[in-house]
Amino acid sequence: MTQPPLWQPSPARRAATCMTRFEERLRRQFPDIDAGYEGLHRWSVDNDTRFWEELVDEYGVLADWDGPPVETDAEVVGRRFFPQARLNFAENLLARGNPDAVALIEHREDGRRRIVTFADLRHRSQALAATLKQQGVGPGDRVAGFVPNGIEAVAAMLATSQLGAVWSSCSPDFGLNGVIDRFGQIEPKVLIAINGYTYNGKTIDTRQRVADIVDSLPSLGKLIRIDNHDDCPWPAETGGLGWAEALEAAPECHYARQPFNSPLYILYSSGTTGVPKCIVHGIGGTLLQHIKEQALHTDLRAGDRLFYYTTCGWMMWNWLISGLALGATLVLFDGSPFSPSPEVLWDIAEREQIRIFGASAKYYAACEKAGLKPRQSHNLDALDALLSTGSPLAHESFDYLYRDVKADVCVSSISGGTDIVSCFALGNPTLPVYRGELQCLGLAMDVTFVDDDGQALPQGKGELVCRNAFPSMPVGFWNDPDNARFRDAYFSRFEGLWAHGDYGEIVPHPATSTTPEQRGVIIHGRSDATLNPGGVRIGTAEIYRQVEKVDAVLEALAIGQNWDDDVRVVLFVRLRDGITLDDDLRQTICQTIRSNTTPRHVPARIVQVPDIPRTISGKIVELAVRNVVHGEAVRNKDALANPDALAYFEDLPELQQ
């Protein structure tokens, strides 16, 4: 019997959603669509080109819509949508908002709060576009940002895309080599960079790093300097243009419409096992996919306040900024999510009346461990949706959000990635929320899970694949003219199927008298980090969910260690201050895992470590730790936020027996 839902929308709330309005539009035209969301999803997959055409019409996407909607003769890997259409990303993001409406609200850890309207944002980005144009930036040229999540970053991205140029950004917490590994491959013409920032109460001076970046990028024609921190004045010899000076140019009002599949963004893989892949995303595909996800799956509308805790080095920043295309107000934050106090993000949610609030699964787990109860301490009446991504949202975190944050809210765990700058599975404001599950598969995405032979699994754990093309499929990789590396990354495992590298399953919920038919999704972790003791595949998320129930454990990381011609599960734990791992705590951890999973999930070894290595976007790195434990090199430590933590895993006596 299926579990009861944690939440489901009232009939009135369901009827008022953008999803329902769009569904009613489609059903008027195509009365043969089967009932419910699952019927709509099946229709959208079977008629994906018509789906995207209807979405374009519903949301008035600005473009020259010439030619067919898709290259019908192309195989999945090379299929392109709207191959003859032309559009401009910045034009679409700036056209929807009322000029006097608030476009951006910026908060910083140091207490600064700034607001810009759509008219002001349009003026800033157009003035900067004129300056970039004076520096020779045009269609296809790259502009790089070494910037925090703030107003300047948004204006710089819009200015770049207005000219048909390509935007790429790194968060200022990237080390020098991490930046060069990324920007060095794409050869930017202009770099926009800050002098310093505040994180967790500390001033981080970036001036020397910026100077070293400039010296390492021979392609650069100009540096544009942002005075982001008063304690770090730029030296006179730095050169380049100041931000204020760059905004003095007469605004460039022309929006250069480019082919639909022209490059818009270059994003990067985490790069912990080698030089990061430079993933090129197209203008039109990014825009359409984000409109679908934000309007239909998230119910974002003009005037709503949308927040996501992210940096400019994570694809969720790109996702967040697309909310402007729907006329939403974006709330930005730069700094530690627990500074100046653990409640800082909930303070912002209350003050700014945020309707849609997003953060990582780790953030919500940390809030629970810290004992935060925003439901009691904050007025969150405006809040309608909580989004979570970065890693699977644990079952217990669902409980926490409904118990201690807000009961009447749609909790949407979403899953996709940098590779598609969007999602395969995500939320739906018209469907129930079930504990531990993503609500649904994305419209027009033919996603399923397959066995090792590529055969679809109606039920059971397998590899996540997508069987059809979709607009936000990358244009390709940078400097990969024959698409060989691109094909190898996503299409070499299963012929004709996009293999995403996630390990999970579909959970069917048959219709009842009170709930509709629904296919939820559980993601058990990355397939390349899947454990395999005795030939049985185990997702790391299955273990983390149990371990993090133990109050003494702050976070954990599991790997498979080669041992006696097999693999044994090794668990590393970071504990609360003042707690030491002893036999009693080991027994508690093992018993918790055994009682809620299987004996094969129980680790053979549990080791306490002072820190868990993670990428700059906050994802723990099982593969890097596995390499260290096996004496293998980690080729790119600069992709890590805390590379020194890897040293804790070297030559551990506990793993020698």
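Since we're looking at a predicted model, the values are computed, not measured. (Residues numbered from 1 in each chain as written. Predicted model: local features only at pLDDT ≥ 70, side-chain atom pairs only at ≥ 80, totals over all residues. Heavy atoms only, no water.)

(A) Region of the structure containing the pairing of strand β9 (residues 202-205). With four bridges joining them, strand β8 (residues 196-199) and β9 adopt antiparallel strand pairing. Looking at β9, one finds that Gly 196 is bridged to Asp 205. Hairpin connection, β8 to β9: the antiparallel pair is bridged by two residues, and Asn 200 has positive phi, about 55 degrees. (Pairing = 2+ DSSP bridges. Helix = DSSP H or I, 4+ residues; strand = E, 2+ residues; numbered from the N terminus.)

(B) A look at helix α3 (residues 36-46). Of all eleven residues in α3, eight are buried, a share of seventy percent or more. All of the buried residues along α3 are Tyr 37, Glu 38, Gly 39, Leu 40, His 41, Trp 43, Ser 44 and Val 45. Buried residues along α3 sit in contact with α2 (18-29), α4 (48-58), α11 (283-297), β22 (440-441) and β27 (518-526). (Buried < 20%, exposed > 50% of the residue type's maximum accessible area, 1.4 Å probe, protein only. Contact = heavy atoms within 4.5 Å.)

(C) Just the sheet that holds strand β23 (residues 447-450), in detail. The strand order across the open sheet built from four strands is β23-β24-β26-β27, with neighbouring strands paired in antiparallel fashion. At either end of the open sheet lies a strand with only one pairing partner, and these are β23 and β27. For this sheet, the mean angle separating the axes of adjacent strands, direction not counted, is 50 degrees. Here four bridges tie strand β24 (residues 462-466) to strand β26 (residues 498-509), and the two strands are oriented antiparallel to one another. If you follow Gly 462 over to β26, its bridge partner there is Gly 504. (Axes fitted to C-alpha atoms, helices over the stretch in contact; angles between N-to-C directions.)

(D) Representation of the sheet that holds strand β2 (residues 86-87) in the model. Strand order in the open sheet formed by three strands is β1-β2-β12, with antiparallel pairing between adjacent strands. The open sheet has two edge strands with one neighbour each: β1 (63-64) and β12 (258-259). In this sheet, β2 lies alongside β1 in antiparallel orientation, the contact comprising two bridges. Across the sheet, Ala 63 pairs through a bridge with Leu 87, a residue of β2.

(E) Structural view of unusual backbone geometry. Here the bond from Ser 339 into Pro 340 is cis, since omega is 10 degrees, no more than 30 degrees from zero. Residue placement: Pro 340 occurs in the loop between β16 (329-334) and α13 (344-351). Positive phi, close to 45 degrees, is recorded for Phe 82, a residue that is not glycine. Its location among the elements puts Phe 82 in the loop between β1 and β2. You can call Phe 82 buried: its relative accessible area is 6%. We note that Asn 200 has phi near 55 degrees; this positive angle belongs to a residue other than glycine. Here Asn 200 lies in the loop between β8 and β9.

(F) The environment of Asn 92, seen in detail. Tracing the backbone through its elements, the reader meets Asn 92 in helix α5 (residues 89-95). Overall, Asn 92 belongs to the buried group, its relative accessible area being 1%. The sequence separation of Asn 92 and Val 61 amounts to 31 residues, and the corresponding C-alpha distance is 6.7 Å. Beyond its immediate stretch of four places on either side in the chain, Asn 92 contacts Val 61, Leu 62, Leu 87, Leu 287 and Ala 325. For Asn 92, the side chain forms a polar contact with the main-chain nitrogen of Leu 62, separated by 2.8 Å. (Polar contact = N/O pair within 3.5 Å; in protein donor to acceptor, adjacent residues only side chain to side chain.)

(G) Spatial organisation of empty space enclosed by the protein. On inspection of all chains with the given rule, the structure shows six cavities of 30 Å³ or more. Considering the residues around the largest cavity, the lining is formed by 13 residues, among which Thr 298, Asp 299, Ala 385, Cys 410 and Pro 429 are closest to the centre. Secondary structure elements with two or more residues in the lining of the largest cavity: β18 (385-389) and β19 (410-413). (1 Å grid on protein atoms, 1.4 Å probe; cavity = no way out; pocket = protein on both sides within 12 Å on 5 of 7 lines; lining within 4 Å. Points joined across faces, edges and corners; volume = space filled by probe spheres on them.)

(H) Highlighting the packing of α3 against α4. Remark: α3 packs on α4, axes separated minimally by 5 Å, with the N-to-C direction vectors making an angle of 105 degrees. By the angle between their directions, the pair α3 and α4 is classed as roughly perpendicular. Within the contact between the two elements, α3 uses Trp 43, Ser 44, Val 45 and Asp 46 and α4 uses Asp 48, Arg 50 and Phe 51. (Parallel < 35°, antiparallel > 145°, perpendicular 65-115°, else oblique.)

(I) Focus on the pairing of strand β6 (residues 166-170). Counting buried positions along β6 gives five out of five residues, so the element sits mostly inside the fold. What you see with β6 is no split at all: Val 166, Ser 168 and Cys 170 on one side and Trp 167 and Ser 169 on the other are buried throughout. Once you follow strand β5 (residues 142-146) into helix α7 (residues 151-162) and on to β6, the crossover reads as right-handed. (Right-handed = clockwise from strand over helix to strand, strands pointing away.)

(J) How the structure looks around the environment of Pro 218. Structurally, the position occupied by Pro 218 is in the loop between α9 (207-216) and β10 (222-226). Judged by its relative accessible area of 81%, Pro 218 falls in the exposed class. With 31 residues separating them along the chain, Pro 218 and Glu 187 place their C-alpha atoms 7.8 Å apart.

(K) Inspection of the packing of aromatic side chains at higher detail. Scanning the model with the defined rule gives 26 aromatic pairs in all. Ring geometry for Phe 51 against Trp 52: centres 5.0 Å apart, planes inclined by 80 degrees, an arrangement best described as edge-to-face. The burial state of Phe 51 is the same as that of Trp 52; both residues are buried. Both rings, one in Phe 572 and one in Phe 649, keep their centres 4.7 Å apart while their planes meet at 80 degrees; by these two values the pair is edge-to-face. Taken as a pair, Phe 572 in strand β29 (residues 566-575) and Phe 649 in the segment after α20 (622-629) lie far apart in primary sequence, 77 residues in all. Taken as a pair, Phe 572 and Phe 649 share a single burial class, namely buried. (Phe/Tyr/Trp six-rings, centres within 6.5 Å; stacked < 30°, edge-to-face > 60°.)

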